[in-house]
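# Chain and residue survey
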Amino acid sequence: MQRVYSSFNLAAVHHAKNVLQAGGIRAAVRNEHLSSAMGELPPAECQIELWVLRDEDRVRAEALLRDGPQKRGAAWRCAACGEACEPQFTQCWKCGAERGS
Ligand SMILES: [Zn+2]
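The following refers to the structure shown. (Residues numbered from 1 in each chain as written. Predicted model: local features only at pLDDT ≥ 70, side-chain atom pairs only at ≥ 80, totals over all residues. Heavy atoms only, no water.)

## Concerning the coordination of the zinc ion
Distances from the zinc ion to its protein donors, Cys78 (SG), Cys81 (SG), Cys92 (SG) and Cys95 (SG), fall at 2.3 to 2.4 Å. Metal-centred angles of 106 to 116 degrees between the 4 donor atoms at the zinc ion mark the site as tetrahedral. All donor residues of the zinc ion come from one chain, and their arrangement in sequence is C-x2-C-x10-C-x2-C. Highlighted residues: cysteine 81 in the loop between β4 (76-77) and β5 (84-85) and cysteine 92 in the segment after β5, separated in sequence by 11 residues. Note on cysteine 92: relative accessible area 4%, which makes it buried. (Donors = N, O, S within 2.8 Å, 3.2 Å for Na, K, Ca; no water. Tetrahedral: all angles 85-135°; square planar, octahedral: opposite > 155°, others 65-115°. Helix = DSSP H or I, 4+ residues; strand = E, 2+ residues; numbered from the N terminus. Buried < 20%, exposed > 50% of the residue type's maximum accessible area, 1.4 Å probe, protein only.)

## A word on the packing of aromatic side chains
Applying the stated criterion across every chain yields a total of 0 aromatic pairs. Sitting over the face of the ring of tryptophan 51, arginine 30 holds its NZ or CZ atom 4.1 Å from the ring centroid. (Phe/Tyr/Trp six-rings, centres within 6.5 Å; stacked < 30°, edge-to-face > 60°. Lys NZ or Arg CZ within 6 Å of the ring centre and 35° of its normal.)

Keep in mind that these numbers describe shape and distance, not what the molecule does.
This is the structure:
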């Protein structure tokens, strides 16, 4: 598992999880109930964390969280390596080639 996001804002973390799930990435929220212990633990220990279940999803997950799922369109196939890529990416997630190159 890899941590891809953390925040004190539970709603933000759940939103991020929904974004990932919409992108087909399985994710889990950690420390969801720890925030009630605020004041007893250092604040950095109380952030709610979002983890992807598969390590190999981390790069895609970070791209999704950074760019958002708003760019909809048809999936495309990388000309360099033939990998099928999600429409919101401008680069191949596998080999890094630019879309349409
Ligand atoms: Zn590629």
